[in-house]
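Descriptive analysis of the structure
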Amino acid sequence: MTKELSILILPGDGIGPEIMAQARRVIDWMGENRGLNFTLHEDSVGGAAYDKYGKPLSDEALALAKSVDAVMLGAVGGPKWDGVDYDKRPEAGLLTLRKELELFANLRPAICFEALVEASSLKPELVSGLDIMIVRELTGGVYFGEPRGIETLPNGDRRGVNTQVYTTPEIHRIAHIAFDLAGKRDGRVTSSEKANVMESGLLWREEVTKVAADYPEVALDHMLADSCAMQLVRAPKQFDVIVTDNLFGDLLSDVAAMLTGSLGMLPSASIGVMGGGAMYEPVHGSAPDIAGQGIANPIATILSLAMALRYTFDLGDEAQLIEDAVQDVLGQGMRTADIMQPGKTKVSTSVMGDCILQAMEKLQR
Ligand code: IPM
Ligand code: MG
């Protein structure tokens, strides 16, 4: 019997179940056609878990997430849970997974597929060939800093507080990930913060600079986060790897995603300590406005599966097959609504899944 590869599937909310169903078909295909022995578990996360268990991640689901090789997550959140307390909101389920699994590094590649060059809101020549890796710190910063909360002051005014905080080990470990990746890519790291106004940003800048000394073959530059956002839309191809904190990484990765034509295209990998688990999820959210209509783009989730095969299971050929199949299908002119262009064929979520499976059949020979 071949080695067991365990995956926990957490479809989540909104379009999560629809897009995950397509990724699941790709997993099944891999099992049948490539002799891989997947064991799949499935549970709820986010609003779906809140509705079932009264909290956005059950203890059982968390224990399962810790026990498997990889977690595949769809998306969480939606207006239905807007009134729920922060600690029970759908998003808290995702944040708990990141924190409890110690997934401190979030890799968000922004690659512009040639077939989608025209779909970008930027001029084709600015995005053609684009290949950026955003390395976002994922378990620190303002997302988790204490104190936090909303309080009522003696005079009746209200005060909201969140804390941006980083320690040297947190900065060092994410910087190492960025430099290691850059060493295997174009050898350039841009570190982004707001050192001009924030002490935590200044510390970030100083500590990243110290880590850079271990990587003489990698070039480091620093860019203020606002300027980085501007440069991303002005001349995105100047970047190779961008390393940044949790909040700026959230913002900059959405910007980078849109350069590639659609948020529906971008996968991500969240990794942590050696030998620990990993989680793979699309960069986009739960898109409640189009949920249940069968029109969502499953490509980001399917490409997240490719990242899981590459990074967790060391199945580079299988990952490449998926990526090539996506390329092929886009080349054939198949488009979900979000990337639809004149003269192309508009397909549903499941037909996009069909097309990708067919392309895998074709290309594996
Ligand atoms: C992301 C999302 C999450 C984040 C939300 C859903 C909590 O925007 O993964 O980028 O802010 O990290
Ligand atoms: Mg985000």
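Here's what I pulled together on the structure shown here. Only a predicted model underlies this, so the values are computations on that prediction, with no experimental measurement involved. (Residues numbered from 1 in each chain as written. Chains lettered and ligands numbered in written order. Predicted model: local features only at pLDDT ≥ 70, side-chain atom pairs only at ≥ 80, totals over all residues. Heavy atoms only, no water.)

Taken as a whole and assessed by the stated rule, the structure comprises one cavity of 30 Å³ or more. Its boundaries defined by the atoms lining it, the largest cavity holds a volume of some 50 Å³. Lining the largest cavity we find Gln164, Tyr166, Ser192, Glu193, Lys194, Met198, Ser200, Gly201, Trp204, Asp245 and Phe248. Among the secondary structure elements, those contributing two or more residues to the lining of the largest cavity are strand E8 (188-193) and helix H7 (199-212). In terms of residue count, the dominant contributor to the lining of the largest cavity is H7 (three residues). Residue classes in the lining of the largest cavity are distributed as four nonpolar, four polar and three charged. (1 Å grid on protein atoms, 1.4 Å probe; cavity = no way out; pocket = protein on both sides within 12 Å on 5 of 7 lines; lining within 4 Å. Points joined across faces, edges and corners; volume = space filled by probe spheres on them. Helix = DSSP H or I, 4+ residues; strand = E, 2+ residues; numbered from the N terminus. Nonpolar A, V, L, I, M, F, W, Y, C, P; charged D, E, K, R; others polar.)

It is worth spelling out the nonpolar core at this point. In this structure, Met30, Phe38, Val135, Phe179, Ile322, Ile356 and Met360 are the most contacted members of the largest nonpolar core, which totals 87 residues. With residues near it in sequence (within four places) discarded, phenylalanine 38 still touches Leu5, Ile7, Ile27, Met30, Gly31, Leu309 and Phe313. (Core = buried A, V, L, I, M, F, W, Y, C linked by side-chain atoms within 4.5 Å. Buried < 20%, exposed > 50% of the residue type's maximum accessible area, 1.4 Å probe, protein only. Contact = heavy atoms within 4.5 Å.)

Most of strand E12 (residues 278-282) sits inside the fold, with five of its five residues counted as buried. Burial along E12 is two-sided: Ala278, Tyr280 and Pro282 facing one way and Met279 and Glu281 facing the other are all buried. Where strand E3 (residues 70-75) lies against E12, two bridges are found, and the strand directions are parallel. Residue pairing for E12: valine 71 is matched across the bridge by methionine 279. In terms of strand pairing, strand E11 (residues 267-271) meets E12 through five bridges, oriented antiparallel. Counterpart to isoleucine 271 in the pairing with E12 is alanine 278. Linkage of E11 to E12, two consecutive antiparallel strands, is achieved through a turn of six residues, within which glycine 275 is found at a positive phi near 80 degrees. (Pairing = 2+ DSSP bridges.)

Inspection of every chain in the model, using the stated rule, returns 17 salt bridges. The salt bridge involving aspartate 240 is made with arginine 185; its shortest N-O contact spans 2.9 Å. Of the two residues, aspartate 240 is situated in the loop between helix H8 (225-234) and strand E10 (241-244) and arginine 185 in the loop between helix H6 (168-183) and E8; the sequence distance between them amounts to 55 residues. Judged by relative accessible area, aspartate 240 falls into the buried class, the value being 3%. Among the charged side chains, a network of salt bridges with common partners joins Asp131, Arg185 and Asp240. (Salt bridge = Lys/Arg side-chain N within 4 Å of Asp/Glu carboxyl O.)

A few words on the layout of surface pockets. Gaps left between atoms show up when a probe the size of a water molecule is rolled over them. Considered as a void within the structure, the largest pocket measures approximately 1,100 Å³ in volume. Elements with a contribution of two residues or more to the lining of the largest pocket: helix H3 (59-67), E3, helix H4 (90-100), strand E6 (149-152), helix H9 (246-259) and E12. Of all the elements, H4 adds the most residues to the lining of the largest pocket, at seven residues. Considered class by class, the residues forming the lining of the largest pocket number 18 nonpolar, eight polar and 12 charged. There is about 900 Å³ of room inside the second largest pocket.

Okay, the packing of helix H1 (residues 16-34) against helix H10 (residues 299-311) next. For the pair H1 and H10, interaxial distance at closest approach is 8 Å and the crossing angle is 40 degrees. Put simply, H1 runs oblique to H10. By crossing handedness, the relation of H1 to H10 is classed as right-handed. For the pair H1 and H10, the contacting residues are Ile19, Met20, Gln22, Ala23, Val26, Ile27 and Met30 in the first and Thr301, Ile302, Leu305 and Leu309 in the second. Residues that form the contact of H1 with H10 fall into these classes: nine nonpolar, two polar and no charged. (Axes fitted to C-alpha atoms, helices over the stretch in contact; angles between N-to-C directions. Parallel < 35°, antiparallel > 145°, perpendicular 65-115°, else oblique. Left-handed = near helix turned anticlockwise from the far one by under 90°.)

Backbone torsion omega between glutamate 146 and proline 147 reads 0 degrees, so that peptide bond is classified as cis. Here proline 147 is to be found in the loop between strand E5 (131-137) and E6. Phi is positive for glutamate 102, close to 55 degrees, though the residue is something other than glycine. Within the secondary structure layout, glutamate 102 lies in the loop between H4 and strand E4 (105-111). Its identity is not glycine, yet aspartate 314 carries a phi of approximately 55 degrees, on the positive side. With respect to the helices and strands, the residue aspartate 314 is situated in the loop between H10 and helix H11 (316-331).

Glu91, Leu94, Arg98, Arg108, Arg136, Tyr143 and Asp250 make up every residue found near ligand 1. The contact in question runs from an oxygen atom of ligand 1 to an N or O atom on the side chain of arginine 108, over 2.8 Å. Here an oxygen atom of ligand 1 sits 2.5 Å away from a polar atom, N or O, in the side chain of tyrosine 143. Considered on its own, ligand 1 offers 320 Å² of accessible surface; in the complex 78% of this is hidden by protein. The pocket occupied by ligand 1, as judged from atoms lying within 2 Å of grid points, is the largest pocket. (Near = heavy atom within 4 Å. Polar contact = N/O pair within 3.5 Å; in protein donor to acceptor, adjacent residues only side chain to side chain. Areas by Shrake-Rupley, 256 points an atom, 1.4 Å probe, with all protein chains shown as cover. Sits in = over half its atoms within 2 Å of the grid points.)

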